[in-house]
Amino acid sequence: MSSLSRELVFLILQFLDEEKFKDTVHKLEQESGFFFNLRYFEDMVTNGEWDEVEKYLSGFTKVDDNRYSMKIFFEIRKQKYLEALDKRDRAKAVEILVKDLKVFSAFNEELFKEITHLLTLENFRENEQLSKYGDTKSARGIMLAELKKLIEANPLFRDKLQFPSLKNSRLRTLINQSLNWQHQLCKNPRPNPDIKTLFVDHSCGQPNGARAPSPVTNPLMSAVPKAGGFPPLGAHGPFQPTPAALPTSLAGWMANPTPVPHPAASAGPIGLGAPNNAAILKRPRTPPTNNPALDYQSADSEHVLKRSRPFGMPEEVNNLPVNILPVPYAGQSHGQSSYSPDDLPKTVVMALSQGSAVKSMDFHPVQQILLLVGTNIGDVMVWELGSGEKIAHKTFKVWDLSGWSMPLQASLANDYTVSVNRVMWSPDGALFGVAYSKHIVHIYSYHGGDDLRNHLEIEAHAGSVNDLAFSYPNKQLCVVTCGEDRVIKVWDAASGAKQYTFEGHEAPVYSICPHHKENIQFIFSTATDGKIKAWLYDNMGSRVDYNAPGQSSTTMAYSADGTRLFSCGTNKEGESYLVEWNESEGTVKRTYFGLGKRSAGVVQFDTTKNRFLAAGDEFTVKFWDMDNLNLLTSTPADGGLPPSPCIRFNKEGTLLAVSTDDNGVKVLANSDGIRLLRTVENRSFDSSRVAPAAIVKAPNIGTFGSNNATIGTPIGDRAAPVAGAMVAMNSDGRSLADVKPRITDDSLEKSRIWKLTEINEPSQCRSLRLPDSLTSMRVSRLIYTNSGVAILALASNAVHKLWKWQRNDRNLTGKATTSVAPQLWQPSSGILMTNDVGDTNPEDAVPCFALSKNDSYVMSASGGKISLFNMMTFKTMTTFMPPPPAATSLAFHPQDNNIIAIGMDDSSIQIYNVRVDEVKTKLKGHQKRITGLAFSNTLNVLVSSGADSQLCVWSTDGWEKQASKFLQIPNGRAASPHADTRVQFHLDQIHLLAVHETQIAIFEAPKLECLKQWVPREASGPITHATYSCDSQSIYVSFEDGSVGVLTASTLRLRCRISPAAYLPPNPSLRVFPLVIAAHPSDPNQFALGLTDGGVHILEPLESEGKWGTSPPVENGAGPSTTSAAPSSEPPQR
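Let us look at the structure shown here. (Residues numbered from 1 in each chain as written. Predicted model: local features only at pLDDT ≥ 70, side-chain atom pairs only at ≥ 80, totals over all residues. Heavy atoms only, no water.)

**Section: the overall build of the protein chain**
- What the protein chain contains, in helices and strands, is 15 helices and 59 strands.
- Here the protein chain holds 1134 residues, and the buried ones make up 60% of them.
- Put simply, 59% of the contacts in the protein chain that link residues at least 6 apart link residues at least 24 apart.
- Surface exposure of the protein chain reaches about 43,500 Å², of which carbon and sulfur atoms provide 50%. (Helix = DSSP H or I, 4+ residues; strand = E, 2+ residues; numbered from the N terminus. Buried < 20%, exposed > 50% of the residue type's maximum accessible area, 1.4 Å probe, protein only. Contact = heavy atoms within 4.5 Å. Areas by Shrake-Rupley, 256 points an atom, 1.4 Å probe, with all protein chains shown as cover.)

**Digging into the environment of M361**
- Summarising the element assignment, M361 is placed in strand β2 (residues 358-363).
- As for M361 and L372, which are separated by eleven residues in sequence, their C-alpha atoms are 5.5 Å apart.
- Leave out the neighbours within four places in its chain, and M361 touches L371, L372, V373, V423, C646, I647, R648, A657, V658, S659 and V665.

**A short note on the pattern of salt bridges**
- Applying the stated rule across the entire model yields 35 salt bridges.
- The partner of D625 in a salt bridge is R611, and the shortest N-O contact between them spans 2.5 Å. Within this pair, whereas D625 is found in strand β24 (residues 620-625), its partner R611 is found in the loop between β22 (605-608) and β23 (612-617), the two being separated by 14 residues in sequence.
- We classify D625 as buried; its relative accessible area is 9%.
- Of the charged contacts, one joins E1100 and R675 as a salt bridge, the two residues approaching to 3.8 Å between their closest N and O atoms. With E1100 in strand β59 (residues 1096-1101) and R675 in helix α14 (residues 671-680), this residue pair connects regions lying 425 residues apart in the sequence.
- In this structure E1100 comes out as buried when scored by relative accessible area, which is 3%.
- Three or more residues are tied together by salt bridges with common partners; here these are R564, E580, R590 and D627. (Salt bridge = Lys/Arg side-chain N within 4 Å of Asp/Glu carboxyl O.)

**Details of the sheet that holds strand β19 (residues 565-570)**
- The strand order β18-β19-β20-β21 describes an open sheet built from four strands, whose pairing is antiparallel. Two strands in the sheet have a free side with no partner beyond their single neighbour: β18 (553-558) and β21 (587-592). Averaged over all pairs of adjacent strands, the angle between strand axes in this sheet comes to 30°, irrespective of strand direction.
- Relative to β21, strand β20 (residues 576-582) runs antiparallel, the two sharing five bridges. The residue bridging L578 from the neighbouring strand is Y592, located in β21. (Pairing = 2+ DSSP bridges. Axes fitted to C-alpha atoms, helices over the stretch in contact; angles between N-to-C directions.)

**Quick notes on the packing of helix α3 (residues 38-46) against helix α8 (residues 136-153)**
- Contact geometry for α3 and α8: axes closest at 10 Å, N-to-C directions at 150°. Our classification of the angle between α3 and α8 gives roughly antiparallel. As α3 runs across α8, the sense of the crossing is right-handed. Together, L38, F41, E42, V45 and T46 of α3 and R140, M143, L144, L147, K148, I151 and E152 of α8 make up the contact between the two elements.
- Looking at the contact of α3 with α8, its residues break down into seven nonpolar, one polar and four charged. (Parallel < 35°, antiparallel > 145°, perpendicular 65-115°, else oblique. Left-handed = near helix turned anticlockwise from the far one by under 90°. Nonpolar A, V, L, I, M, F, W, Y, C, P; charged D, E, K, R; others polar.)

**A closer look at unusual backbone geometry**
- Omega for the peptide link from P883 to P884 comes to -5°, which places this bond in the cis form.
- In this model, A1005 is joined to P1006 through a cis peptide bond whose omega is 5°.
- Looking at where P1006 falls in the secondary structure, it is placed in the loop between β51 (999-1004) and β52 (1009-1014).
- In this structure, D855 is a non-glycine residue whose phi angle is positive, near 65°.

**Considerations on the packing of aromatic side chains**
- Per the stated rule, a full pass over the model turns up 28 aromatic pairs.
- With a centroid separation of 5.4 Å and an interplanar angle of 70°, the aromatic rings of W825 and F874 are classed as edge-to-face. Placement of the pair is W825 in strand β36 (residues 823-825) and F874 in the loop between β39 (866-870) and β40 (876-880), with a sequence separation of 49 residues.
- Relative accessible area serves as the criterion here: at 5%, W825 is assigned to the buried category.
- A residue is classified by how much of its surface remains accessible, and F874, at 2% relative accessible area, is buried.
- Following the ring pairs from residue to residue traces out a cluster consisting of F36, Y40, F41, Y56, F60 and F157. (Phe/Tyr/Trp six-rings, centres within 6.5 Å; stacked < 30°, edge-to-face > 60°.)

**Some points on a negative patch on the surface**
- A grouping of D23, D43, E49, D51 and E52 is seen on the molecular surface, where their side chains present a negatively charged patch.
- Relative to the helices and strands, E52 resides in helix α4 (residues 50-57).
- Taking the relative accessible area as the measure of exposure, E52 reaches 37% and is therefore partly exposed. (Patch = residues over 30% accessible without salt bridge, like charges linked within 9 Å, V, L, I, M, F, W, Y side chains within 5 Å. Lys, Arg positive; Asp, Glu negative; His and termini not counted. Charge placed at Lys NZ, Arg CZ, Asp CG, Glu CD.)

**What about α4?**
- Residues W50, V53, E54, Y56 and L57 constitute the buried set of α4. Looking straight down α4, one finds its buried side chains confined to an arc of 160°; they lie on one side.
- The elements touched by buried residues of α4 are α2 (22-32), α3, α5 (67-86) and α8. (Arc of directions from axis to C-beta.)

**A closer look at the side chain of S360**
- With respect to the helices and strands, the residue S360 is situated in strand β2.
- Residue classification places S360 among the buried residues on the basis of a relative accessible area of 2%.
- Within the local environment of S360, its side chain forms a polar contact with the backbone nitrogen of V423, the two atoms lying 2.9 Å apart.
- Beyond its immediate stretch of four places on either side in the chain, S360 contacts L372, V373, G374, N421, R422, V423 and C646. (Polar contact = N/O pair within 3.5 Å; in protein donor to acceptor, adjacent residues only side chain to side chain.)

Set out below in structure tokens:
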């Protein structure tokens, strides 16, 4: 359910409460699961209405959701049992024991025996632990206090215990506004319209020449008496849950807007629908909601299934304390990691000399060691921080002066010097924009290395162009600019054509912040007079007119996940303000302390990790925790900073660039940033060629909103699609790029000295065999959890194994590492996650699994039914789809976890909707079983691969087949008739890795053009598996001879070979080799192997090396053509 639909439920709850529909209120609270009414719950507990208590709780949690929930249900049932014993009602007590308390015996058998023993006592108070039990009333009071603590601590009740702050009769107010709006549209409005129904749109009858009453103030709809019955609100336009004319954030800001001088201001909030043509013309249009994700994707879209579906799942449980229960029920979060101030980049690692004062900086959204810098004399530079080299430099020059206006020509004739006001990468890193202090915007296309090309020159504004950003209205990449001429403009990023002009500010526009919520694109703008306005992409004028704190020149920025809005500014008196906004109200939610009172310039700020704020102020960089008003820490960066330094984080928050007062930039790093720079330094820069802007495809932006936004998601996070990446000014609008491999030149001298790295001894790398006390069967499938703290394996006997690393002094991040052994994890119940095998021999099956984005659930099959397991309790949530046919490949739709692609052993692919338990469509195009599935949400396609060595591309919009291609089997190589073909998308979501026992091939979707093919030497034996590293820069390949190869992804050149002797103990009698290989989700140099003997090994390079070998040079400055499909064999061993 979208957040607007969720808010509608709250409005209905308020209405029902005001109308005294008490039973219905609580029924809706329970069924929606949005608001847990603690007062109602207290009343039921106090009155001992145990059945009603459990029924109400069932809308929010179940017994085995987590340990808090288990404790809640246990305390309630224990109290019910003790009360029956106290009344000497033994029959009732036995019934409660068997029906209600028996379930806990699986978790603590001793406790259950002790509870059962109470039946034998004359008075249960003889039990020492119950000796202080008083009367029923006091016992319920004590239990209630305990229950309230458990509920408040239970993550499933997070954000559900507070009813939102609403003005009285909010639903009536909205309906009145809708009716007023409809009345405004009447051709001949009556002064006092008689509105008798809400079932159809209002329209005045006979003309009478009267003017429409002023909107909102005229109460067309009075209170509805209960006796007469209130008409249902079901199909009326304003209550359709899907289309939304305004995002929640704007709607709240518009509730009582200050009158604005231009006529385009709208009167009050606009209704949620557009019921008639006139309204459609006057209202902002909402994109059609034909995206399947919009229909049933909740705000918590990370969760695979909603509670209302045929089978439900609890929400992910985070950070549970260890001993909350009387029963030892261990559990651990796979969820988000917590951050400490130590995670902030505060160590100075390098200084870069720019030659002129730095005005603006931005890190590349994908290659996070690339820093774009603009200076006060119009210079623009790209730095590669691994080597500290300036790899591109542009000085200001008008590309074509003849076509520009006379004022611009005159301005440049008098003084050709200009300053850069803003530099910004596009969300995919294919383009960057430069806003200059005189009229002009330059858009460059970036093709890797030093290859910068002029793309667009736009005379954007009269006078200075103060800011620039990228956005995606109507799925089309655009450039948004603002200027000294008080105007905001939107330009097509491919052609430079002007799309929109927004007028209404009465002072120069200082900054812009494009964003999107609820499928609605909008732009915040701020002016030098301290006014904040907001605009939809239409010609209806500003929707908001608010004052920035202190009437300051302000910049606005969202947190990386797009859920929290901040601003930072400085007024003419030098007073600076850093605040968080309450979007729903348009008011300041919190003001942070610690900024100086006499700033020399406008203070710049940035956000990172959805947790920290940073600002350059008083010759230092200051940091705040978003949830704490007081200054967290600060750093002078070893001194030499200007009074108000320019600052910028990279996407992951591991690096921070800060301008210096000697015309330079210092780069600060945390431990991960230092490791990132160490990993890339001294290697030849493997840059990435990016698709030209004209063919950059806009992401699909659906109501799944921030959960899918890649803003702020680690680059190795496989769950993060490119969709939803919005560049907000000064925000973490840095998403994955549209990368095409490109090879940089290397000298002939380097090619003579390069040598393939051979790792033959255990001392040459770090490896760890994971401890295993269970039966060892060959590993069929292997994956790291998305958080990187655990590894999940599926063995050929249909049993899953989960290893977890603990956060401790030896492993501060808690992530997978070879330096600390993990724990083979099982719940205290001792159950295993075991797939249904039906009548098949699991050894003969083709196992498959897929992990949910939040690591809470795994969907898996081993020849029988598909099972859905809870990763915390190992319980089987459900099974479905009994064979035949049997599932052989599984993949979650990237935009909707309710949709699963299931590849079958009968060569079909079933698109299955979990929520309604039905097959939406069947795809047919392969001749043999399906062995691989991969979604690209940039291209909106599904790629399938089969044992027929064929690849097929299917549109995810209509599921029609777009292309197909058979792998080209190398001459002299015979593939086995059922050889698996696997597919995996590169981070750019366009290039595709195809893995077959005879080859590795790179294709470009959606046309499946084969760009490169790599054939191993025959001595290695067939390829058993391969995968991209998390940054897509490397490919790890495993072979039947036990060796592992590391290829450079952009060139498909082997750079490192790891022999089995480096990680396996010698055993001549047993032939052991890897069947599967998995890449760590955030460490590009770590991978795991699943072996034929059931073992799982993790391998990392030596810390002194930092990486697996060095990339082979490109002969004569040119590598194999990216369009060549000819096999490129390995270089000879040296």
